[in-house]
Amino acid sequence: MSKTSSVYRNLKRVKMAAKYANRRQKQKDIAMDKNASPEERLQAQFALQKFPRNSAKCRIRNRCRITGRSRSYYRKFGLSRVELRDLASFGEIPGLVKSSW
């Protein structure tokens, strides 16, 4: 189990990224637009810098839904490898069977 402060910090980042997503995307589109004037592009870059750092989508860390573990995360299931194996062993994930030969 990871520290609860790490989990809650990441949840705060998820909420903040969702809140600022539209505004950041508008400024990013202007900054990346080759047809816009250099002054407009520069102003858009400055506007992007003024947003909170945690509003960037790349600062969000994928974490296991059960334990909060950040390493060895499977996106398809939203779980870490440890929890995935435990749940698969008990047959709690439909269609997933532990292999044996």
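A short tour of the structure in this document, coming up. In every chain, residue numbers begin from 1 and rise along the written sequence. Local features in this predicted model are restricted to residues of pLDDT 70 or higher, and side-chain atom pairs are both shown and tallied only at a pLDDT of 80 or more, whereas totals for entire chains, interfaces and linings draw on every residue. Processing note: side-chain calculations cover all non-hydrogen atoms of the structure and skip hydrogens and water entirely.

## Some words on a negative patch on the surface
Right, so step 1: On the surface, Asp29, Asp33, Glu39 and Glu40 cluster together to form a negatively charged patch.
Right, so step 2: Only protein chains enter the calculation, and the probe is 1.4 Å; a residue is then buried if its accessible area is under 20% of its type maximum, exposed if over 50%, and partly exposed in between. Glu39 gets classed as exposed once you look at its relative accessible area, which sits at 55%. Residues enter patches when their relative accessible area tops 30% and they take part in no salt bridge; the joining distance is 9 Å for like charges and 5 Å for the nonpolar side chains Val, Leu, Ile, Met, Phe, Trp and Tyr. Here the accessible surface of atoms and residues is derived via Shrake-Rupley with a 1.4 Å probe, and residues count as covered only by protein chains that are part of the display. For this analysis, a salt bridge means a side-chain nitrogen from Lys or Arg found within 4 Å of a carboxyl oxygen belonging to Asp or Glu. Positive residues here are Lys and Arg, negative ones are Asp and Glu, while His and the chain termini are left out of the count. Charge coordinates come from a single atom per side chain, which is NZ of Lys, CZ of Arg, CG of Asp or CD of Glu.

## Re the packing of helix H1 (residues 4-32) against helix H2 (residues 38-50)
Packed helices, taken two at a time, are described by their axes: the angle between them and the distance between them.
Right, so step 1: Here, axes are lines fitted to C-alpha atoms. For helices the fit covers the stretch in contact, and angles between N-to-C directions go from 0 to 180 degrees. Secondary structure is summarised from DSSP: a helix means a run of H or I of at least four residues, a strand means a run of E of at least two, and numbering begins at the N terminus for each. Axis separation between H1 and H2 bottoms out at 8 Å; the angle between their running directions is 150 degrees. Seen from above, H1 lies across H2 with left-handed handedness. Of the residues in H2, those in contact with Arg24, Gln27, Lys28, Ile30 and Ala31 of H1 are Glu40, Arg41, Ala44, Gln45, Ala47 and Leu48. Should the near helix be turned anticlockwise from the far one by less than a right angle, the crossing is termed left-handed; should it be turned clockwise, right-handed. Throughout, a contact is declared for two residues whenever any of their heavy atoms are within 4.5 Å.

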